[in-house]
Amino acid sequence: MKLWCATGNPGKLREFRLAGHVLQIEVEPLPDLKTIEPPEETGDTFEANAILKAEFYSQFASGPLFADDSGLAVDALGGAPGVLSARYANSGLAGHDADEANNQLVLKNLAAHGDRTARFVCVIALAEKGKVIRTFRGEVEGQLLHEPKGPGGFGYDPLFYYPPFGCTFGEAASERKFDVSHRGNALRQMLQYLTR
Ligand code: ITT
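About the criteria used
- Residues numbered from 1 in each chain as written.
- Predicted model: local features only at pLDDT ≥ 70, side-chain atom pairs only at ≥ 80, totals over all residues.
- Heavy atoms only, no water.
- Helix = DSSP H or I, 4+ residues; strand = E, 2+ residues; numbered from the N terminus.
- Rg over C-alpha atoms; globule rule 2.2 N^0.38 Å.
- Buried < 20%, exposed > 50% of the residue type's maximum accessible area, 1.4 Å probe, protein only.
- Areas by Shrake-Rupley, 256 points an atom, 1.4 Å probe, with all protein chains shown as cover.
- Lys, Arg positive; Asp, Glu negative; His and termini not counted.
- Charge placed at Lys NZ, Arg CZ, Asp CG, Glu CD.
- Near = heavy atom within 4 Å.
- Polar contact = N/O pair within 3.5 Å; in protein donor to acceptor, adjacent residues only side chain to side chain.
- Pairing = 2+ DSSP bridges.
- Contact = heavy atoms within 4.5 Å.
- Axes fitted to C-alpha atoms, helices over the stretch in contact; angles between N-to-C directions.
- Salt bridge = Lys/Arg side-chain N within 4 Å of Asp/Glu carboxyl O.

Counting secondary structure elements, the protein contains five helices and seven strands. For the protein, the N- to C-terminal ordering of α and β elements is β-α-β-α-β-α-β-β-β-β-α-α. In terms of C-alpha radius of gyration, the protein reaches 16 Å, essentially the compact-globule figure of 16 Å for 196 residues. With respect to the principal axes defined by its C-alpha atoms, the protein has extents near 50 × 30 × 25 Å. Taken over 196 residues, the protein has a buried fraction of 46%. Accessible area of the protein: about 9700 Å², with a carbon and sulfur share of 50%. Considering the protein, the positive charge centre built from 20 side chains and the negative charge centre built from 25 side chains are found 3 Å apart.

Laid out in structure tokens, this is it:
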């Protein structure tokens, strides 16, 4: 089975490739993604944005394609940064620098709060020829540290302490993160659906 995927985020792409390997499905990034103007993520929910991306990019694919909308929801911040996770600090920066600015803003906004519970959420939408087929939602709960720890992962991973591991997702090997993560969980649900 071959599935196309569409993301401009290299951290997500690494995890999609790992999914292909671990779950034994063929996951192919949509070629020429960089030449396609991405759709504006106007949805208020992860579901809405995942559907919007999958429906849009599947028009350029020769078969089924999936896209993910994901982020960090912090309890004490009323679920922020949520769907704005990628651009929370509005830094105008890209990649690792943008991630760092976003992490610093979460730390600043959380400084006055005692409760540091947060969850990562990932909604994957599967679509074909511009029409959504189904969505899959995965979540994982953790605690936000007071400073980033670990060189691995991407985004908010270095802040996200996962108690069962005794370390952050930034310190965990990518296969271990995939076993328990929001994205791993959503991808496994999609595979179950496809092989039902
Ligand atoms: P695409 O839309 O092109 O896939 P994006 O980075 O813009 O890329 P999102 O709008 O879904 O994607 O934003 C996801 C953001 O949420 C991401 O940039 C990280 O800041 C954060 N995030 C999501 N999953 C994460 C994970 O597994 N570890 C750390 N941070 C994550």
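The immediate surroundings of the ligand are formed by 20 residues, with Thr7, Gly8, Lys53, Asp157 and Lys177 found nearest. Contact distances for the ligand include 2.8 Å between an oxygen atom and a backbone N or O atom of Gly8. For the ligand, a nitrogen atom lies 3.1 Å from a polar atom in the backbone of Tyr156. Coverage of the ligand by the protein chains reaches 90% of its 620 Å² of free accessible surface. Taken together, the elements giving at least two residues each to the shell around the ligand come down to β3 (65-74) and α5 (182-194). The dominant element in the shell around the ligand, judged by the number of residues it contributes, is β3, at four residues.

Moving on to the side chain of Asn49. On the secondary structure map, Asn49 appears in helix α2 (residues 46-58). What makes Asn49 buried here is its relative accessible area of 0%. A polar atom in the side chain of Asn49 sits 2.7 Å from the backbone nitrogen of Gly43.

Turning our attention to the sheet that holds β3. An order of β2-β1-β3-β4-β5-β6-β7 is seen for the seven strands of this open sheet, with the pairing classed as mixed. On the outer flanks of this sheet lie β2 (26-29) and β7 (167-168), each paired with one strand and no other. Sitting on the sheet, helix α1 (residues 10-23) touches β1 (2-5), β2 and β3, and the angle it makes with β3 is about 120 degrees. α5 contacts β1, β3, β4 (117-128) and β5 (131-144) of the sheet and is inclined by roughly 150 degrees relative to β5.

Pro81 follows Ala80 through a cis peptide bond whose omega is -5 degrees. Its place among the elements puts Pro81 in the loop between β3 and α3 (95-110). Positive phi is not limited to glycine here, since Asp32 has a value of about 65 degrees. Residue position: Asp32 is located in the loop between β2 and α2. Of the residues examined, Asp32 reaches a relative accessible area of 57% and is grouped as exposed. Unusually for a residue other than glycine, Asn90 sits at a positive phi of about 50 degrees. Tracing the backbone shows Asn90 in the loop between β3 and α3. Here Asn90 falls in the exposed class, since its relative accessible area comes to 69%.

Further remarks concern the pattern of salt bridges. A full pass over the atoms with the stated rule returns eleven salt bridges. Note that Lys53 is salt-bridged to Asp69, the shortest N-O span being 2.9 Å. Here Lys53 is found in helix α2, whereas its partner Asp69 is found in strand β3, with 16 residues between them in sequence. On the basis of relative accessible area, Asp69 is assigned to the buried category, the value being 2%. Among the ionic pairs, Glu141 bridges to Arg119, the shortest N-O distance being 2.7 Å. Placement of the pair is Glu141 in strand β5 and Arg119 in strand β4, with a sequence separation of 22 residues. Under the relative-accessibility criterion, Glu141 is labelled partly exposed at 43%. When salt bridges with common partners are traced through the structure, they connect Lys12, Glu15, Asp68, Asp157, Lys177 and Arg183 into a single cluster.

None of the figures reported here should be taken as evidence of function without further support.
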